[in-house]
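# A structural walkthrough
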Amino acid sequence: MRLRSSLFACCGLLLLLAGMAMFLRGFFPAPLRSFGSLKARVAEIPAEPVSGLTSNWTKPPSPLFGRVVVMLVDALREDFVFGPKGRQFMPYTRHLVEQGSSHSFIAKAWPPTVTMPRIKVDENVTRHLDTVLKRDDWDLLILHYLGLDHIGHLAGPNSHLVGPKLSEMDNIVQKIHAELLSKEGETSLPSLLILCGDHGMSDTGSHGGSSNHEVNTPLVLISPAFRKKDSFVVSEYVEQTDLTSTLALGLGLPIPRNNLGRLILTVLEERSLRERLRYLHLNGYQLSKLVEESIPAYQKDSGYEMFGIAQKSHGSWIKLYLEGNTSETLANIGKKVLRQYLDALKFMSSSLSKIVAQYDMYSMIVGTIIVVEVIFLLILSTPEALGSTAEFEVSVSSPFYSLLFYLLCLMFAAIHVVVCTSLKTSCYFCNISWLLVATVIVLISALQCVLLSTLWKRFANGKPQHKSYAAIDSSWSELDLLLLLGTFGHTLSLGSSSFIEEEHQTWYFLLNTLLLVLFQDVCRKYFAATDPKGKLKQDRSPEDRSEPQTTIQGLLGTSYCDQEDDKSKAYLRSDGSCERWLALLCPWVILIFCRVLRCLNQTGIKWAHEPDFGHWLTSSSHRIELSILTAIFLFLIFILVQRTCSSVSKAALALGLVGIYCYRAAIGNVTFPWKPDKHDISKGITEARFVYVFILGILFTGVKDLLKSAFASPDTTTNSRGLWEMYNGLVLLAALLLRPHNLPVLLFTLMVQMLLTRFIWRLLDYDAAQITIIYYWFAQASFYFQGNSNSFATVDISAGFVGFENYVELPAVFLTLFSTYIGPLLWAVHLTCYMSSERSRYSSAAVGHSCYCFVLLRAIPASVYIILVTLLRYHLFVWSVFSPKLLYEGMHTLVTAAACVMFTAMDQKRMIT
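Residues numbered from 1 in each chain as written. Predicted model: local features only at pLDDT ≥ 70, side-chain atom pairs only at ≥ 80, totals over all residues. Heavy atoms only, no water.

### Examining the overall build of the protein
Rules: The secondary structure listing takes helices from DSSP runs of H or I that are at least 4 residues long and strands from runs of E that are at least 2 residues long, numbered from the N terminus. Burial status follows relative accessibility: with a 1.4 Å probe on protein chains alone, a residue under 20% of its type maximum counts as buried, one over 50% as exposed, and anything between as partly exposed. By definition in these notes, contact holds between two residues if any of their heavy atoms fall within 4.5 Å.
Of regular secondary structure, the protein possesses 36 helices and eight strands. Taken across its 913 residues, the protein has 54% of its residues classed as buried. Relative to all contacts within the protein whose residues are 6 or more apart in sequence, the contacts with residues 24 or more apart total 81%.

### Thoughts on the packing of aromatic side chains
Heads up, the rule is: Any two of the Phe, Tyr and Trp rings considered here, Trp counted by its six-membered ring, make a pair once their centres fall within 6.5 Å; the pair's planes then place it as stacked at under 30 degrees, edge-to-face at over 60, or tilted in between.
Applying the stated criterion across every chain yields a total of 28 aromatic pairs. A ring pair is formed by phenylalanine 27 and phenylalanine 28, whose centres lie 5.2 Å apart and whose planes are at 85°; its orientation type is edge-to-face. The class of phenylalanine 27 is buried, set by a relative accessible area of 0%. A ring pair is formed by tyrosine 776 and phenylalanine 854, whose centres lie 6.2 Å apart and whose planes are at 85°; its orientation type is edge-to-face. Residue tyrosine 776 is located in helix 32 (residues 768-785), and its partner phenylalanine 854 is located in helix 35 (residues 846-871); the two are separated by 78 residues in the primary sequence.

### As for the pairing of strand 6 (residues 216-222)
Our working definition: Pairing between strands is defined by DSSP: at least two bridges between them are needed.
Counting buried residues in strand 6 gives seven out of seven residues, a clear majority hidden from the surface. Across the two faces of strand 6 the burial is the same, with Asn216, Pro218, Val220 and Ile222 and Thr217, Leu219 and Leu221 all buried. With seven bridges connecting them, strand 3 (residues 102-108) and strand 6 associate as antiparallel partners. Paired with alanine 107 across the strands is threonine 217, a residue of strand 6. Note: strand 5 (residues 192-196) against strand 6, four bridges, orientation antiparallel. Across the sheet, residue leucine 195 finds its bridge partner in strand 6, namely valine 220.

### A short note on the packing of helix 31 (residues 743-760) against helix 34 (residues 822-837)
We apply this condition: Working convention: axes come from line fits to C-alpha atoms, limited for helices to the stretch in contact. Angles between N-to-C directions cover 0 to 180 degrees. For classification purposes, angles smaller than 35 degrees are called roughly parallel, those larger than 145 roughly antiparallel, those between 65 and 115 roughly perpendicular, and all remaining angles oblique. Should the near helix be turned counterclockwise from the far one by less than a right angle, the crossing is left-handed, whereas a clockwise turn marks it as right-handed.
Two elements in contact, helix 31 and helix 34, have axes separated by 12 Å at closest approach and are oriented at 30°. Classified by the angle between their axes, helix 31 and helix 34 sit roughly parallel to one another. Viewed along their axes, helix 31 and helix 34 form a crossing whose handedness is right-handed. Contacts from Leu746, Thr749, Val752, Gln753, Leu756 and Thr757 of helix 31 reach helix 34 at Leu826, Trp827, His830 and Tyr834.

### What about a nonpolar patch on the surface?
Heads up, the rule is: To count toward a patch, a residue needs a relative accessible area above 30% and no salt bridge. Like charges then connect within 9 Å, nonpolar side chains (Val, Leu, Ile, Met, Phe, Trp, Tyr) within 5 Å. Surface accessibility in these figures is a Shrake-Rupley result with a 1.4 Å probe; residues are shielded only by whichever protein chains are displayed. The working definition used for a salt bridge is a side-chain nitrogen of Lys or Arg within 4 Å of a carboxyl oxygen of Asp or Glu.
On the surface, Ile624, Ile628, Ile632, Phe635, Leu636 and Ile639 cluster together into a nonpolar patch covering about 550 Å² of accessible area. As for its placement among the helices and strands, isoleucine 624 is situated in helix 27 (residues 623-641).

### Some thoughts on the environment of proline 218
Relative to the elements of secondary structure, proline 218 occurs in strand 6. For proline 218, a relative accessible area of 0% puts it in the buried group. It is 7.4 Å that separates the C-alpha atoms of proline 218 and serine 104, two residues lying 114 residues apart in sequence. If we skip the residues at most four places from it in the chain, proline 218 touches Leu76, Arg77, Glu78, Val81, Phe82, Phe105, Leu195, Cys196 and Gly197.

### Some remarks on helix 34
Let me state the cut-off plainly: Multiplying one less than the number of residues by 1.5 Å gives the expected span of a helix.
When the terminal C-alpha atoms of helix 34 are compared, their 22 Å separation across 16 residues agrees well with the 22 Å that a helix rising 1.5 Å per residue should span. The element helix 34 is extensively covered by neighbouring structure, given that 16 of its 16 residues are classed as buried.

### Looking at the pattern of salt bridges
Applying the stated criterion to the full structure yields 20 salt bridges. As a salt-bridge pair, glutamate 275 and arginine 271 come within 3.3 Å of each other at their nearest N and O atoms. Exposure remark for glutamate 275: the relative accessible area of 21% places this residue in the partly exposed category. Note on arginine 271: relative accessible area 28%, which makes it partly exposed.

### Regarding the state of the cysteines
Going by this rule: When the sulfur atoms of two cysteines come within 2.5 Å, that pair is taken as a disulfide.
Summed over all chains, the structure comprises one disulfide. Across the disulfide from cysteine 420 sits cysteine 430; the S-S distance is 2.0 Å. Residues cysteine 420 and cysteine 430 are joined through a disulfide that is left-handed, its torsion about the S-S bond being -85°. Here cysteine 430 lies in helix 17 (residues 428-431) and cysteine 420 lies in helix 16 (residues 403-422), a separation of 10 residues in the sequence. You can see cysteine 853 has no disulfide; the closest cysteine sulfur is in cysteine 851, sitting 9.4 Å from it.

### With respect to the sheet that holds strand 7 (residues 237-239)
In spatial order, the strands read 4-2-5-6-3-7; together these six strands make up an open sheet with mixed pairing. Two strands bound the open sheet, and with one partner strand each, they are strand 4 (140-145) and strand 7. Taking the axes of each pair of neighbouring strands and ignoring which way they run, one obtains an average angle of 25° across the sheet. Against the sheet, helix 8 (residues 162-182) makes contact with strand 2 (68-73), strand 4, strand 5 and strand 6, and its axis sits at roughly 180° relative to strand 2, the strand it touches most.

### Re the nonpolar core
Rules: In plain words, nonpolar cores are sets of buried Ala, Val, Leu, Ile, Met, Phe, Trp, Tyr and Cys residues tied together by side-chain atoms within 4.5 Å.
Within the largest apolar cluster, 172 residues are counted, with the highest numbers of intra-cluster contacts made by Phe429, Leu514, Trp761, Ile771, Ile774, Trp777 and Phe778. If one sorts the elements of this core by residue count, helix 35 sits on top with 14 residues. When near neighbours in sequence (up to four residues on either side) are disregarded, leucine 514 contacts Leu479, Leu482, Leu483, Ile774, Trp777 and Phe778. The next biggest cluster of nonpolar side chains, apart from the first, holds 48 residues, and it includes Phe105, Leu243, Leu247 and Leu260.

### Digging into the packing of helix 1 (residues 5-27) against helix 35
Contact pair helix 1 / helix 35: the axes reach a minimum separation of 9 Å and the direction vectors enclose 20°. Between helix 1 and helix 35, the crossing angle belongs to the class labelled roughly parallel. Helix 1 and helix 35 meet at a crossing whose hand is left-handed. Along the contact surface, helix 1 presents Ser5, Ser6, Phe8, Ala9, Leu13, Leu16, Met20, Phe23 and Phe27, while helix 35 presents Gly848, His849, Cys851, Tyr852, Val855, Ala859, Ala862, Ser863, Ile866, Val869 and Thr870.

### Let's talk about helix 27
Test applied: In this description, the arc belongs to the directions extending from the helix axis to the C-beta atoms.
In this model, helix 27 (19 residues) spans 27 Å end to end at C-alpha, consistent with the 27 Å of a helix rising 1.5 Å per residue. Of all the positions in helix 27, only Leu626, Ser627, Thr630, Phe633, Leu634, Ile637, Leu640 and Val641 are classed as buried. Mapping the buried residues of helix 27 onto a view down its axis gives an arc of 155°, with all of them on the same face. Seen from the open side of helix 27, the exposed residues pointing more than 90 degrees away from its buried face are Ile624, Ile628 and Phe635.

### Here we look at the environment of isoleucine 333
Relative to the assigned elements, isoleucine 333 resides in helix 13 (residues 328-355). The spatial distance from the C-alpha of isoleucine 333 to the C-alpha of serine 316 is 9.2 Å, given a sequence separation of 17 residues.

### A few points about unusual backbone geometry
Its identity is not glycine, yet alanine 75 carries a phi of approximately 65°, on the positive side. Its place among the elements puts alanine 75 in the loop between strand 2 and helix 2 (79-82).

### Some points on the confidence of the model for the protein
Counted only if it meets this: A residue's pLDDT is the confidence the predictor assigns to it, expressed on a 0 to 100 scale.
For the protein, the average pLDDT comes to 83, and 86% of its residues sit at 70 or higher. Note that residues 464-473 has pLDDT below 50 and, in this model, 21 contacts with residues that lie over four places away or in other chains. Contacts of residues 533-575 to residues separated by more than four positions or lying in other chains number 80 contacts, the stretch itself having pLDDT below 50.

### Regarding the pairing of strand 2
With six of its six residues buried, strand 2 lies for the most part within the structure. Residues Val68, Val70 and Leu72 of strand 2 are buried on one face, and the alternating residues Val69, Met71 and Val73, pointing to the opposite face, are buried as well. One ladder, built from six bridges, connects strand 2 with strand 4; its direction is parallel. Each residue of the ladder has a partner; that of valine 73, found in strand 4, is tyrosine 145. In terms of strand pairing, strand 2 meets strand 5 through five bridges, oriented parallel. Bridge pairing in strand 5 links valine 70 to isoleucine 194.

So, in structure tokens, the structure goes:
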């Protein structure tokens, strides 16, 4: 079967995505298996341990609290209550913490600190509160407030919107506490109010990482059962999971069987020593049973052994207690048993936390096999795919008629049956339908046969089927070596946690080195006796010695829009020195741009806390400066983009950029010039939807031109204009979703693209593969320029809420994904547009070569990283460093697949025309 290299690469990338999806499903933790029913029965509650006597404590302990209200404030980090903001904006809560009947702790969350939104606007919670509090038909009330989290994503923890929201939460605490106190005489048991957060908030307003501000949350327990405090001391750290066992015993309920937490003993300070030991014994018994089910060699577990010792000591203490011993020795022995229980609980909880992530190795292996087969097939097919025709013969049908294919299918089916019938744990791949299993088995077997067939042809023939670029020019330039060593060097660096945390430094270094090589090639073009590929100019053929065509329709060229600037082109042709100096300056100008963008957003781990230019711009004291710069940036974006727009799209672009400024002013990021301090803060929904109308209008114009070129009038001009219109619509969407201080990233991206297409590509004889790799490097650097990292904390979730009153899943996912990968997407789409508009410069195979290289650049690091993560799955930083990077790789591959489909469609259209 004869395939274009672009179509072959696109199909390979889609199969790679399928393999990665299977691997991800197996890699991320399955629920800890239960060792019984989901509900703990009273009969399973152990009796109090005693040696030689019978204890009368065989029933579950009586509850400590009558009513419990859990007030969960999303993204409430600990300094919002215990720090200066708490003293200023939450005075009532702070009074209870310092002098009231309360216990305060710092509860640590486990990274990644990510939660899914459930309840949408805060008024929907509060407006039902008065009615529910007055009713008597409940024992446990849970309130989830999301407003603070939304404010953090929108404007950060230092926003002027945070204070009013904290004051609102403080008033609700006061209302609930007062209502609970008013009913204390009506019930025999005291009430309990819990104020907590699910996670914290980073200095940029996001969460997901493992910094202290993201994992440290306040846990305040307020009840008349506690003694009043004389001073404010918050020194005890607890785990968020510890609240489960504490609440269960506090309500007189059995501890859930899969609980990993430990009892917060401070809550029981008013209880007798016997009662406290009883509660610790119940918690230890529950954890010990979970250890027995979850750890094969549980007898050797240190925590399990310590619990057995503590239980025996507890039995001896109970015997002395029941015999009426009241000496000081009894108290000392009881305190020793209490410490033994606490140590045993600590070690058992730690052991269970380490094994809570049970990898589905079978699904991981199946996904890895698909990924490895695809990447080897792509690499082996590279010489033919980059051949002069960008198409080659692929043995697709013949493997299905071979004996090897059926033998492989039978072998994999047998392995599947054996694995699924012998595994004790649940496996995702074993629980799917047999039809889907058969499809995967056939796919793996077919890929194996195609791979073996390709290998046989390669070694049998000894040379590729078509003449490739390697055959055209066997010499390697400095640029070729840099691109090859840089790409594979970066891939190998993914095996180090430090290199993953600071990956932006790798791309910054590679990009700076690339710009120096570009400058060297420009100098060689004008001053040296060799061309950029190292050949002597006098040794080249007349065709090679001819200068590259200067009639390129560059980024600012508008011949396809019937607006070609003949005067500027004539000037450049008449005065070659001007073009020469501009070409020499371009790498240095781009280098300056990159250095400025590095100062805009500190990212990574080591220097993320350092102040940067973005922090300076987003502070409330510099809002006027940010407003002026935002207006300037939006105007310059219009100047750069409008040259590739039709007249209607120009108007839509201008109005859309004005609407973006109005949206940012409406939500308080920037100010209006005519009322800088008095405008009302809103959600900006109307303004954002106003911009969406113009974005959809520009995209619709582009789609119309593409369809017209495909069916009505198949001409290259209309097709190229449609692609540029699509690109311009994406630029307008990027300007809407990016924070105002990140607009320089978009502006400099457009300027660098203009400089490369107008001065560098028109001068140097780079082929499509080289240009694609350079574009990919710029795309990777742009990802980090906008403040992204390999941590979930830098994902700007607020982009998913732009223009929406409530959380709508599909638009939120799309907008958040687009906002995160703005840089890679714009560079990929611009490469598509550039290749489409430069038909006179490049051969018909150039688009296929570009698509194939683009897929290889994404597939190689993703495939290698899957193998590395499998080997490092028990690494100390697997959940805080390696697993977030794995998700980023998966989503980046998905984004690349979307760009690859556009490449493939353009390549097929080009061949038809």
